Each structure stands twice: as C-alpha cells, then as structure tokens.
Amino acid sequence: MSAQKVVVVGGGASGLSAAWWLARSGVAVTVLDKGIVGWEASGRNGGGCSHYQSPLFKEEQRLWPQMDELLGYPTEHSPERIVMAVTPRQLEQYHYIAQMNNRLGHRVDVLDAQQVREAVPLAGDNCLGGIHYRFGGHANPHRTVQAYAWAIQDLGGKIVQHAPVTGFQTSGGQVTAVESMAGTVECDAVVIAAGPQTGRLLGQLGIEMPLAAARAEMIVTEPAPMMKLGGVDGNGLYGRQTLRGNLAYGGGPHEWVEFGDLGPEVKPSTPLARNLARRLAELFPKAAHLNVIRSWAGVIEMTPDGRPVIDRRDNVTFCTMSGVGFGLSPASGHALRDLVIEGHCTFTDIAKLSLDRFAGIGEDWREQRGWLPL
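Since the model is a prediction, treat every value here as computed from it, not as a measurement. (Residues numbered from 1 in each chain as written. Predicted model: local features only at pLDDT ≥ 70, side-chain atom pairs only at ≥ 80, totals over all residues. Heavy atoms only, no water.)

Caption draft 1: Representation of the packing of aromatic side chains. Inspection of every chain in the model, using the stated rule, returns 10 aromatic pairs. Note on Tyr-73 and Trp-150: the rings are 5.1 Å apart at their centroids and 55 degrees apart in plane angle, and the pair reads as tilted. Taken together, the residues Tyr-73 in the loop between helix H3 (67–71) and strand S3 (78–85) and Trp-150 in helix H6 (residues 141–154) connect sequence positions 77 residues apart. Since its relative accessible area comes to 23%, Tyr-73 is described here as partly exposed. Between the aromatic rings of Tyr-133 and Phe-135, the centroid separation amounts to 5.1 Å while the plane-to-plane angle is 65 degrees, which identifies the pairing as edge-to-face. There is no split in this pair, since Tyr-133 and Phe-135 are both buried. One aromatic cluster is present, formed by Tyr-52, Phe-57, Tyr-133 and Phe-135 through successive ring pairs. If you follow Arg-24 out to its NZ or CZ, it ends over the ring of Trp-21, 5.0 Å from the centre. (Phe/Tyr/Trp six-rings, centres within 6.5 Å; stacked < 30°, edge-to-face > 60°. Helix = DSSP H or I, 4+ residues; strand = E, 2+ residues; numbered from the N terminus. Buried < 20%, exposed > 50% of the residue type's maximum accessible area, 1.4 Å probe, protein only. Lys NZ or Arg CZ within 6 Å of the ring centre and 35° of its normal.)

Here you go:
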C-alpha cells in the first residue's frame, strides 16, 4: 500500500513543522512555498518560545529542549527568559504576569532592580526590577527553519521553493491536487499554513477566514559583551542576544498593509526602526553606543481576536498563528499532523482555536477595529 500523499502549502515554521511531523509518520510530503522557506515572519522574529497563554504551551515546552536531537540539526535553543521594567507601569504588568503564571504552576521569579542588573550586565540605573521565566526561552529562527527543512528532506519529503500556489483541483468536496507555478501535485490531503496568503487560498475552497496583514520589523546591533542569559525582553520589545553577541530586537505597533506581491520595489523598513532603537537603548543603557547594522522586516497575519486558528474541513487542514507561529511551531506541527491523520488533536484540547468562533463576523471587522493601512 502506497503512503498517504499530503501537500503542505507554506514553508514557514508552522508548515515545515507540520511537514516534518507528517514525514515522521510515514506520509509522503511535498512542501510548496511561493519563495524561500522561512523568508517572511518565520525568519524575521525574536525567536521566543514562551507562549503560556496557548493550549499548545505544554507541548511547546516539552518539545523545545529536544528539538536539536529530534531534527538532527541545531536550533540554538536556549532556556529561560528575563523581562525587565524601566517604567512603574511595566513593573506592575510584569508582576501580574508572574502571579498569574505561578498560580498556573509555571514558575516565574520576581526580581528586584539589583537582581536584574546582576543577571543582565547591559541593564542600567533606570531598571526598576523584573521577572525571570524559569521556562520557555528562545531559538534562532533562521537555524530552526533550516533544521526543519533538512530534517524533512532526510525523511524523504520534498520542498519546492519559488512555487506560488495558484489553485486546487477537487472532486466530491475533497482536494485531489494542488496547482502551482512549478506544476501540479496530486494529494490525499492538504495543509495550508501560508501566513498572510492563508485566507486567500482558503477562500478558493469556500472557507472564509478573516485575516489582516501587518509588517513586523526588527533591528540588529553590533555585537555586545555576552550576557549569561541571552533571552531578555522588556520596554515593549522582544528578542534575544545572538551567539555572536548581536542584539536582535523587535516589537511595537503594527503597520497594517494591503498584502499582495511584495516585490523588490517595496521598502522593507519604516521609521519604526528608529523607535525600536530608542527603546532598545532605554532597555540596555550600557549598549546604547552600539550601531544598528541591519534591519529585518516580515509580514505577519492576525485574526480578529489576535489568536491562532488550527482547524480542519474535509481533507483540508489549516492554520494561522497570528504572530506566535515560530515559538509554537513544534507543537502546532504536531497538532496539524494529528488533524490530518487522526482527525483530532491527540495531546490537548484545541477547540478554542477553531475557525467557528468567527462565524457571522461582518466584512467590515477591520474597519471596526481600526486595522487599516495608512
């Protein structure tokens, strides 16, 4: 009996993880990506792995420490994080987060200003205190995406880049093939994890998913002296110190965009980079002299409530992760694999991630929320 054939549309962290989980289960997987794997939000994020508000959290935490061994390639995963406050309001917010997590059984230590400065040598006198997540951590997005891709190929899976999907062939309400600029691939099932394109692709199959696209930006500095713990957030920023010492950080208000073809004429960065640099200097005064040597920009998609969707209709399984796709990818890929093969998620209840919660939402939902391009 031949293996089940599944096409995964989207070569970001979520799609690649799903393909890897499926390939591990003996499925013949083909990944189609419109560009290069990890070229949008999956390769342009802070690398955080600490999503305690998600039903996928426990599986995320179980898997990340094992991912280098499971994939066979390095992700540069590093455990734990510190979040430091430079305003009283931030400190109050972080203390609330610590109390909430400790009630849920996720250890978070409250630190005074001196304890933060001892743990984070780049912090300054403006630090008011912080918290220390004893879970989570961060990984290198570029390394991790490549690790997924290589691991899929090691298991016999195929990855086709520069292959935008143009349509689907159906029979009896089931998708039987996926059409792309690189050719048509027959399948028994399809997984759509295509970031901002997910809504448009699902629309071709009669599945309505409300999504808005936004630009996500990050800056990278010259190397700083290595800190003992590379995962330090705060002041509205998320990010990490790389193994070379660079500070890679993003965060702040989204710039809503009309997502289409983002060709070479579209500038990746905006004046938001200046705002990021100012807040990074406030977070790390002892690194304020460092030059910003490059910036990144990617496009993320967001649902009306800002939470992911992982669901299935007939033989179409789909997800949109609303800006938390990288960190949750080991667990979301497992969930997507389960929906394809088992018909339900085997390790946690993902009912709150169902698409049905948006049933009846008005077409003007973006206008109502003010999520409109400038």
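Caption draft 2: View of the packing of helix H1 (residues 13–24) against H6. One can describe the packing of H1 onto H6 by two numbers: an axis separation of 9 Å at closest approach and a directional angle of 30 degrees. Taken together, the axes of H1 and H6 lie roughly parallel to each other. Relative to H6, H1 is oriented so that their crossing is left-handed. Contacts between H1 and H6 involve Ala-13, Leu-16, Ser-17, Ala-19 and Trp-20 from the first element and Val-145, Tyr-148, Ala-151 and Ile-152 from the second. For the contact of H1 with H6, the per-class residue count stands at 8 nonpolar, 1 polar and no charged. (Axes fitted to C-alpha atoms, helices over the stretch in contact; angles between N-to-C directions. Parallel < 35°, antiparallel > 145°, perpendicular 65-115°, else oblique. Left-handed = near helix turned anticlockwise from the far one by under 90°. Contact = heavy atoms within 4.5 Å. Nonpolar A, V, L, I, M, F, W, Y, C, P; charged D, E, K, R; others polar.)

Caption draft 3: Just the sheet that holds strand S1 (residues 5–9), in detail. Spatially, 6 strands are ordered S6-S2-S1-S10-S18-S17 in an open sheet, and the strand pairing comes out mixed. Because the sheet does not close on itself, it has two edges, and the strands there are strand S6 (158–160) and strand S17 (309–313). Across the sheet, the mean angle separating the axes of adjacent strands is 15 degrees when strand polarity is ignored. With 3 bridges connecting them, strand S10 (residues 189–192) and strand S18 (residues 316–320) associate as parallel partners. Along S18, the bridge assignment pairs Val-191 with Thr-317. Sitting on the sheet, H1 touches S1, strand S2 (28–32), S6, S10 and S18, and the angle it makes with S2 is about 165 degrees. (Pairing = 2+ DSSP bridges.)

Caption draft 4: Representation of the sheet that holds strand S9 (residues 183–186) in the model. Read from one edge to the other, the open sheet built from 3 strands follows the order S7-S8-S9, with strand pairing classed as antiparallel. Each end of this open sheet is capped by a strand with a single partner; those strands are strand S7 (165–171) and S9. Put simply, the sheet's adjacent strands are angled 25 degrees from each other on average, direction ignored. Note that strand S8 (residues 174–180) and S9 share 4 bridges and pair antiparallel.

Caption draft 5: Structural view of the environment of His-289. Topologically, His-289 is positioned in the loop between helix H8 (272–283) and strand S16 (292–302). Under the relative-accessibility criterion, His-289 is labelled exposed at 61%. Residues His-289 and Gly-327, 38 residues apart in the sequence, show an inter-C-alpha distance of 30 Å.

Caption draft 6: Region of the structure containing the layout of surface pockets. Reported here for the second largest pocket is a volume of approximately 190 Å³. The wall of the second largest pocket is formed by Glu-76, Asn-140, His-142, Val-220, Arg-240, Thr-242, Leu-243, Arg-244, Asn-246, Arg-294 and Trp-296. Tallied by class, the residues present in the lining of the second largest pocket amount to 3 nonpolar, 4 polar and 4 charged. (1 Å grid on protein atoms, 1.4 Å probe; cavity = no way out; pocket = protein on both sides within 12 Å on 5 of 7 lines; lining within 4 Å. Points joined across faces, edges and corners; volume = space filled by probe spheres on them.)

Caption draft 7: Spatial organisation of H1. The terminal C-alpha atoms of H1, which comprises 12 residues, lie 16 Å apart, in line with the 16 Å expected from a rise of 1.5 Å per residue. Counting buried residues along H1, 11 of its 12 residues qualify, which places the element largely inside the surrounding structure. (Expected span 1.5 Å × (residues − 1).)

Caption draft 8: The pattern of salt bridges, seen in detail. Applying the stated rule across the entire model yields 14 salt bridges. Notably, a salt bridge pairs Glu-80 with Arg-134, separated by 3.4 Å at the nearest N-O pair. Of this pair, Glu-80 sits in strand S3 while Arg-134 sits in strand S5 (residues 129–138); the two residues are 54 residues apart in sequence, bridging distant segments of the chain. For Arg-134, a relative accessible area of 36% corresponds to the partly exposed category. Bridged by salt links that share partners, the residues Glu-80, Arg-107, Asp-109 and Arg-134 form one connected network. (Salt bridge = Lys/Arg side-chain N within 4 Å of Asp/Glu carboxyl O.)

Caption draft 9: How the structure looks around the environment of Ser-17. Examined against the element boundaries, Ser-17 turns out to sit in helix H1. Through-space distance from the C-alpha of Ser-17 to that of Leu-237 is 26 Å; in sequence the pair is 220 residues apart. Those residues in contact with Ser-17 that lie beyond four places of it in its chain are Tyr-148, Ser-329, Pro-330 and Gly-333.

Caption draft 10: Spatial organisation of helix H4 (residues 88–103). With 16 residues, H4 should cover 22 Å at 1.5 Å per step; its first-to-last C-alpha distance of 23 Å lies within 8% of that length. Inspection of H4 places Gln-90, Leu-91, Tyr-94, Ile-97, Ala-98, Met-100 and Asn-101 among the buried residues, and these make up the whole buried set. Summarising the contacts, the buried residues of H4 are in contact with S3, strand S4 (108–111) and S5.

Caption draft 11: Expanded view of a negative patch on the surface. Taken together, the side chains of Glu-208, Glu-363, Asp-364 and Glu-367 make up a negatively charged region of the molecular surface. Structurally, Glu-208 can be placed in the loop between helix H7 (198–203) and strand S11 (212–221). (Patch = residues over 30% accessible without salt bridge, like charges linked within 9 Å, V, L, I, M, F, W, Y side chains within 5 Å. Areas by Shrake-Rupley, 256 points an atom, 1.4 Å probe, with all protein chains shown as cover. Lys, Arg positive; Asp, Glu negative; His and termini not counted. Charge placed at Lys NZ, Arg CZ, Asp CG, Glu CD.)

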